[in-house]
Amino acid sequence: MTQTTDSPPTTPAPRRKPGPRIHRAWYVAAVAFVTIIGAAAFRSLPGLLIDPLHSEFHWSRGTIGAAVSVNLALYGLTAPFAAALMDRFGIRKVVAVALTVIAVGSGLTVFMQHAWQLILCWGLLVGLGSGSMALAFAATVTNRWFTERRGLVTGILTAASASGQLIFLPLLSWMVEAHGWRPAAVTVTLAALAVVPFVWLLLRDHPADVGLPPYGASEYVPKPAPVTGAARRTLGVLAKAARTGPFWLLAGTFAICGASTNGLVQTHFVPAAHDHGMPVTAAAGLLAVIGVFDVAGTIFSGWLTDRFESRRLLATYYALRGISLLFLPMLLAPAVHPPMVFFIVFYGLDWVATVPPTIALCRRHYGDDSAIVFGWVLASHQVGAAVIAFLGGVARDVFGSYDVVWYASGALCAAAALMALVIRRRGPGTEPLAV
């Protein structure tokens, strides 16, 4: 008797030579790393431009913060749709278009004269482009090319944005101080354009494109057919995930993560330090040091995620971050001193260490849809960042300092630690939640 199934026949692996000693997946991860570094260049700029734009155009910090808020919100809201578009058109095409949009948006800021142009170029165009290059891109690459070392690779790709900050922030701060903000914007444009041919020539969409199994897999995996209806699928995944508790807990914790990093420290640390008499170049240098330790902390977090329970890791990260923010108002001073250096190192290690365990929890709870679900979780991250970027500027205009925002963010991090512990545990071999 012959047993039959309804599943389609498996596409046989093409005949190929034995694979190289270094799996092609690592080269793809390296290309993705460099690509995210290029996209991170513009994200290094907003905190440096608040004071120059305020001085030149006499726009309030709240107005400038609103443009940053649009950028941060679109960075997150675009991510889940970009993940679905990568399933439809391929990673390479989506990333190349995204980098071009970033270059156009940052280049046009050179010619702006009105606040609405800042919101259009800096907020809308760069927000859409950078959103397509968000961490959902890293999740897609990891899911397709790796079955082992996913936590480590996620940590490495997450660290790419910090590496971009490390590379570009000192250069851009020097350019803003010495030559004004326009050459800095042009530098960002050229950096984004320079990465486009690199992506087009070297990035590949799937291991099947080069006749290899994913890293850690023993069998060849056929390339899936393009998934049509990207917008419908993205919204459908959101509708299903929204009926589960873990989604809202992950979204809530990640919103606080964005509020306490991109929205607060990355946007307002330089002007806040300048309020206390610290030179802009020195404050930008401290942010760059955060980037140094962010790389180490995120990669180490990925290593820990492969070995320890993600919920407990998240709770620990948020608790430590909240404690450090409560001490920051007492550390700001005209000169860099040892306690401030300790804060920078400590905070840098925790900056985006939350990403690998968050992606791991999405993968565990939502299976094949995890990249899109994480895109929506990332959207909440950026909404939280956008809210604090705007409110931080308003608080500075109203109260004359950022102190209240530091304290509020510390309290929010404590709440995020408790939320992380509430996320339901699931065994690694169970199926995604039925919704």
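The structure this text deals with has already been given above.
The numbering scheme is per chain: residues are counted from 1 as the chain's sequence reads. Two thresholds apply to this predicted model, a pLDDT of at least 70 for residue-level local features and 80 or more for giving and counting side-chain atom pairs, whereas whole-chain, interface and lining totals are computed over all residues. The basis for every side-chain value is the complete set of non-hydrogen atoms in the structure, without hydrogens or water.

**Description of helix H17 (residues 403-422)**
And then number 1: Put simply, DSSP marks the helices as runs of H or I at least four residues long and the strands as runs of E at least two long, and each gets a number from the N terminus on. Expected helix span is taken as 1.5 Å per residue step, with the number of steps being one fewer than the number of residues. Between the first and last C-alpha of H17 there are 30 Å, a value that for 20 residues agrees with the 28 Å anticipated at 1.5 Å per step.
And then number 2: Taken together, the buried positions of H17 are Val405, Trp406, Ser409, Gly410, Cys413, Ala416, Ala417 and Ala420. Seen along its axis, H17 keeps its buried residues to an arc of 140 degrees; they face one direction. The exposed set on the far side of H17, more than 90 degrees from its buried face, consists of Leu418 and Val422.
And then number 3: When checking whether two residues touch, look at their non-hydrogen atoms; a contact exists if any pair is within 4.5 Å. Of the surrounding elements, those touching the buried residues of H17 are helix H10 (245-260), helix H11 (262-275), helix H13 (310-331) and helix H16 (370-399). Whether a residue is buried, partly exposed or exposed follows from its accessible area with a 1.4 Å probe, protein chains only, as a fraction of its type maximum: under 20%, in between, or over 50%, in that order. The directions considered for the arc run from the helix axis to the C-beta atoms.

**Re the pattern of salt bridges**
And then number 1: Any carboxyl oxygen of Asp or Glu within 4 Å of a side-chain nitrogen of Lys or Arg constitutes a salt bridge here. Within this structure, the stated rule accounts for seven salt bridges.
And then number 2: The shortest N-O distance in the salt bridge between aspartate 369 and arginine 233 comes to 3.3 Å. With aspartate 369 in the loop between helix H15 (355-366) and H16 and arginine 233 in helix H9 (residues 230-241), this pair connects stretches of sequence that are 136 residues apart.
And then number 3: Where glutamate 309 meets arginine 312, a salt bridge forms, and the shortest distance between an N and an O atom there is 3.2 Å.
And then number 4: One network of salt bridges, in which partners are shared, links Arg233, Lys240 and Asp369.

**Examining the environment of glycine 123**
And then number 1: Along the polypeptide, glycine 123 turns up in helix H5 (residues 115-132).
And then number 2: Residue glycine 123 is classed as buried on the basis of its relative accessible area, which comes to 0%.
And then number 3: Along the backbone, glycine 123 and glycine 105 are 18 residues apart, and their C-alpha atoms lie at a distance of 8.6 Å.
And then number 4: With near-sequence residues (within four places) excluded, glycine 123 lies in contact with Ala67, Val70, Asn71, Leu74 and Leu118.

**Brief notes about the packing of H15 against H16**
And then number 1: Helix axes use the C-alpha atoms of the stretch in contact, all axes being lines fitted to C-alpha atoms, and the angles between their N-to-C directions lie in the range 0 to 180 degrees. The N-to-C vectors of H15 and H16 enclose an angle of 130 degrees; their axes lie 9 Å apart at closest approach. As far as their axial angle goes, H16 and H15 are oblique. By crossing handedness, the relation of H15 to H16 is classed as right-handed. The segment H15 lies against H16, with Val355, Thr358, Ile359, Cys362, Arg363 and Tyr366 engaging Ser370, Val373, Phe374 and Val377.
And then number 2: Classification convention: Asp, Glu, Lys, Arg as charged; Ala, Val, Leu, Ile, Met, Phe, Trp, Tyr, Cys, Pro as nonpolar; all other residues, Gly among them, as polar. Looking at the contact of H15 with H16 residue by residue, the classes come out as seven nonpolar, two polar and one charged. Roughly parallel covers angles under 35 degrees, roughly antiparallel covers those over 145, roughly perpendicular covers 65 to 115, and oblique covers all other angles. A clockwise turn of the near helix away from the far one marks a right-handed crossing, whereas an anticlockwise turn of less than a right angle marks a left-handed crossing.

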